[in-house]
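Observations on the model geometry
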Amino acid sequence: MERIGFESNWRLWIRRESDHIVLLRAESGDECATLPDTLFSLPVTELYDHALAPEAAPIGGEEVLLTCGAAPEEYNNRSLKELSLPKTLRKVGDYAFFNCRSLTTLKLYDSVTSWGGGVLMNCRELHRFHLTRLNDTQGESLAYLVGELPNELHVTVENADGSSYRLLFPDFIELYEENCPAHHFDYNIYGAGHPYHFVFREHSLSLASYDELFPAMLRVEHDPAAALRLAWWRIRTPYGLTEKAKAMYLAYLAAHEEAALGLPLAEQDSEGLSLLLGCSNPARDSLSAALGIARERQFTEASALLLEAQHRLCGTGMNKTFDL
């Protein structure tokens, strides 16, 4: 068995082709792991069927051990929470991550051109994607991933030019419910997320179409906290945001200003807080509540920004003093 030093611990079974590597099986005991771009000077371009499924058995091939410090007690992917896929990856086989129940975050490049069936089946905790584009052309990966999962998904897209944006896809539930009198099953969808997960046209996402869904979401039963995050992320990373959509999201944030101020505070995002204060006019009570949160978290930059906003709002008529 070949042993290679690497940044993550893996036990791999591979097949060498003339110009690429196929990962037949990949097992790690790490919580955060990265698969290699190359092995033996060949690009890793394919994950085989059931390649990372915890219960799947090796199917032969050449065995390779990648080591990083102390070896884990066992290799089985059951503790794998965050996975980074190779930049060179082009094909992902059927059920590649089947039953990866601990997986919460998947980082990948928009380079995969072939996705198998049931790749993410039973990945019930998976809700974060970080997708990096290698060029200006939008691939099919985002459409596939979002369409596979009904969970609330948090997506960061990094463009080839270095710009980036964050999107939230609300959750939904699909249920087949027995209709006994009619002797059939009714198909019902619950939650506001379904239109977001299937907003893609020909596997491509139009941000304008994404933004147009927001008013309709607010008219049906939805999670207000998710709607608030969605609106804030579009304002915070306004890639492709029209002035009309910007005004719509700002109006929603203004209607929930106290909760909105809590979003950049929760992420220790002083730049985001400055942006929000600059494009809104929070009331004194909302500023005071936000200031209390900033003090509790010892977020000094935020405290200074909120004190300045209070001063602008109230002028010198306030006799209170504040300690940072």
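Read on for an overview of the structure. Note that the structure is a prediction, hence the values are computed from the model and not measured.

1. Points about the overall build of the chain
The helix and strand inventory of the chain stands at 10 helices and 16 strands. Going through the 324 residues of the chain one by one, you find that 45% of them count as buried. Put simply, 60% of the contacts in the chain that link residues at least 6 apart link residues at least 24 apart.

2. Topic: the nonpolar core
For soluble globular proteins, the rule of thumb is that nonpolar side chains tend to be buried together. One finds W10, L12, L52, L83 and F97 to be the most contacted residues of the largest nonpolar core, which totals 88 residues. The leading source of residues in this core is helix α5 (residues 224–236), at 8 residues.

3. Remarks on helix α9 (residues 284–296)
End to end, α9 covers 18 Å across 13 residues, agreeing with the expected 18 Å (1.5 Å per residue, within 8%). Lining the buried residues of α9 we find α7 (257–266), α8 (270–278) and α10 (300–314). Of the residues trailing α9, Q298 is marked for its positive phi of about 55 degrees.

4. What to know about the sheet that holds strand β10 (residues 105–109)
The 6 strands lie next to each other as β4-β8-β10-β12-β13-β14, forming an open sheet whose pairing is mixed. Of all strands in the sheet, those with a lone pairing partner are β4 (32–34) and β14 (164–169), marking the two edges. Shown here is a sheet whose adjacent strand axes are inclined to one another by a mean of 15 degrees, direction ignored. In this fold α5 packs onto β13 (153–158) and β14, with an angle of close to 165 degrees to the strand it touches most, β14.

5. A short note on the pattern of salt bridges
Applying the stated criterion across every chain, the model contains 13 salt bridges. Linking E31 and K81 is a salt bridge whose minimum nitrogen-to-oxygen distance equals 4.0 Å. Separated by 50 residues along the polypeptide, E31 in the loop between β3 (21–27) and β4 and K81 in the loop between β7 (62–67) and β8 (82–84) bring together distant segments of the chain. Taking relative accessible area as the criterion, E31 reaches 44% and is therefore assigned partly exposed. Judged by relative accessible area, which is 39%, K81 ranks as partly exposed. Among the ionic pairs, R312 bridges to E308, the shortest N-O distance being 3.4 Å. With R312 and E308 both in helix α10, this residue pair falls 4 residues apart, about one helical turn. Exposure remark for E308: the relative accessible area of 44% places this residue in the partly exposed category.

Thresholds applied
Residues numbered from 1 in each chain as written. Predicted model: local features only at pLDDT ≥ 70, side-chain atom pairs only at ≥ 80, totals over all residues. Heavy atoms only, no water. Helix = DSSP H or I, 4+ residues; strand = E, 2+ residues; numbered from the N terminus. Buried < 20%, exposed > 50% of the residue type's maximum accessible area, 1.4 Å probe, protein only. Contact = heavy atoms within 4.5 Å. Core = buried A, V, L, I, M, F, W, Y, C linked by side-chain atoms within 4.5 Å. Expected span 1.5 Å × (residues − 1). Pairing = 2+ DSSP bridges. Axes fitted to C-alpha atoms, helices over the stretch in contact; angles between N-to-C directions. Salt bridge = Lys/Arg side-chain N within 4 Å of Asp/Glu carboxyl O.

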